[in-house]
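# Summary of the model geometry
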Protein chains: 2
Amino acid sequence: MKIPIIRDVLEESDALARQNLERFNSEGIYVVNMMSSPGAGKTTLLERTISELKSKGLKCAVIEGDITSTIDSEKLAHLNIPIVQANTQPFGGDCHVGSHLVHAALKMLPLHDLNYIFIENIGNLVCPAEFYLGEHIKIVVLSLPEGEDKPVKYPLMFRECKACLLNKMDLLPHLDVDIPLLNKNLVHVNGELTVFPVSAKTGSGFPAWIDWLESRRSNVAKVAIRELEQAN
Amino acid sequence: MKIPIIRDVLEESDALARQNLERFNSEGIYVVNMMSSPGAGKTTLLERTISELKSKGLKCAVIEGDITSTIDSEKLAHLNIPIVQANTQPFGGDCHVGSHLVHAALKMLPLHDLNYIFIENIGNLVCPAEFYLGEHIKIVVLSLPEGEDKPVKYPLMFRECKACLLNKMDLLPHLDVDIPLLNKNLVHVNGELTVFPVSAKTGSGFPAWIDWLESRRSNVAKVAIRELEQAN
């Protein structure tokens, strides 16, 4: 008699994520996993980020994660870029994008013709931080109205990310948020985090964020070229 | 040879929730499960709600759900009411409050001397909606800066709740949020939802919310008294 073994689901998920990463690297695509609470402004941030990158001649695609609906994809449609809507509703309404969804989405994207893929994760400051999708970098968006205590209350998210986009800076005069304490909390949770105060609405803070993103991408590209040269 | 059976975890969770409810009913306590995205303002709302209820002579306690930290409990400490901090970090950093945590918290509260228990769930618009804790009512807080599309993107949360507190109304002049569309989206997802536009900061909208809550509580109390009379 054979006793069935329950395999570690996370192990399977990570194996698929590594396959995704290999594919990204072989195609020379830089992949960003963008996460936040619901309503922090990920879609509007992506809209402006992609516009800026397009104006530099860079080609972007989006994997749009949502439990249900195509609202965010429709908001981005005017950018005229490849977008895949990844809804988790048929998979039990998962609270995060899984590596299998990214894997499936890759079949629908023109990979040979892309510099960036942005994965807009489901609005959730908890669970998405736990899942590796094969991305090169995780970014968290924190909007000012959420308050200065969020890094301390949701530390895993802020530890997993390399950068934090502090969004809705245009609302600062109308809020009681304590910016020095917010900065202290961010550093306390992750001293390596790069913080960009931005407003997706007004565009303030975007040049620094775009330059930083581009420098991260070109570093990955340089490593890939070096590896290629060593292999030949 | 005995083959172990994996029991339905949800079944066990629901059984514990029903035990919680029986205890609440036998003590005549009305229990509210308050949920929202991170930073929607649950703690500040609770602060004002409990102050108003206290001024009517009602006795409240809070079960404060967080992954980690005691920030929210400390914010409420000046109310001088019983508070139990329920951190999920020792339980694997769960993204929602579980019925076992509520069960454990009950042992630390003066149940014979309470009219209300408020459970402040973890900031998460997805997972907490899936778990019944034994509460009488689920309430969702949606803050205006999160935008008008949230009910459509996170429908389960808005379907499970009886009321929605539309918080941060004081920010309305500074936001682009489309209120008629927001109302349309709320009705589309849950036609039975009672919506209270409020500001935890200024107190606007609170009288209607407090009256409604009190009428819900007294209805449950009447049913309990009727059942008691029938039993004798």
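Residues numbered from 1 in each chain as written. Chains lettered and ligands numbered in written order. Predicted model: local features only at pLDDT ≥ 70, side-chain atom pairs only at ≥ 80, totals over all residues. Heavy atoms only, no water.

### A short note on the relation of the copies chain A and chain B
Here two copies of a chain appear, and what relates them is a rotation about an axis with a shift along it. Mapping chain A onto chain B calls for a rotation angle of 180° and an axial translation of 0.0 Å; the resulting RMSD is 0.0 Å. The relationship between the two copies is best expressed as a two-fold rotation axis. When the interface residues of chain A are mapped onto chain B, 97% of them again fall at the interface, so both copies present the same face. (Least-squares fit on C-alpha atoms with pLDDT ≥ 70 in both. Contact = heavy atoms within 4.5 Å.)

### Points about helix α8 (residues 206-231) of chain A
Residue and element names in this part refer to chain A. Here α8 contains 26 residues, and its C-alpha end-to-end distance of 38 Å stays within 8% of the 38 Å for a straight helix at 1.5 Å per residue. Considered for burial, the residues of α8 that qualify are F206, W209, I210, W212, L213, E214 and R217. Where α8 is buried, its residues touch β1 (30-36), α2 (42-55), β4 (116-120), β5 (137-143), β6 (163-167) and β7 (194-197). (Helix = DSSP H or I, 4+ residues; strand = E, 2+ residues; numbered from the N terminus. Expected span 1.5 Å × (residues − 1). Buried < 20%, exposed > 50% of the residue type's maximum accessible area, 1.4 Å probe, protein only.)

### A few points about the interface of chain A and chain B
If you look at the interface, chain A gives 35 residues, while chain B gives 34 residues. Both faces combined, the contact of chain A with chain B buries some 2,800 Å², and carbon together with sulfur accounts for 63% of it. Joining chain A to chain B, the criterion identifies 8 salt bridges. D66 of chain A is the partner of K153 of chain B in a salt bridge, and the nearest nitrogen-oxygen pair spans 3.6 Å. Across the chain A-chain B interface, the total number found is 9 residue pairs in polar contact (both at pLDDT 80 or more). (Buried area = accessible area lost by both parts, 1.4 Å probe. Salt bridge = Lys/Arg side-chain N within 4 Å of Asp/Glu carboxyl O. Polar contact = N/O pair within 3.5 Å; in protein donor to acceptor, adjacent residues only side chain to side chain.)

### Thoughts on the confidence of the model for chain A
For chain A, per-residue confidence averages 93 on the pLDDT scale, and residues scoring 70 or more make up 96% of the total. Interface confidence for the predicted complex, expressed as ipTM, amounts to 0.87; the pTM equals 0.91. (pLDDT = per-residue confidence, 0-100.)

### Re the side chain of S143 of chain A
Locating S143 of chain A in the fold gives a position in strand β5. A polar contact of 2.6 Å, which involves the side chain of S143 of chain A, links it to the side chain of E146 of chain A.

### What about empty space enclosed by the protein?
Under the criterion given, the structure shown has 1 cavity of 30 Å³ or more. Empty space within the largest cavity amounts to approximately 50 Å³. For the largest cavity, the lining is made up of 13 residues, of which S143 and E146 of chain A together with P38, S143 and E146 of chain B are closest to its centre. Within the lining of the largest cavity, the residues separate by chemical class into 5 nonpolar, 5 polar and 3 charged. (1 Å grid on protein atoms, 1.4 Å probe; cavity = no way out; pocket = protein on both sides within 12 Å on 5 of 7 lines; lining within 4 Å. Points joined across faces, edges and corners; volume = space filled by probe spheres on them. Nonpolar A, V, L, I, M, F, W, Y, C, P; charged D, E, K, R; others polar.)

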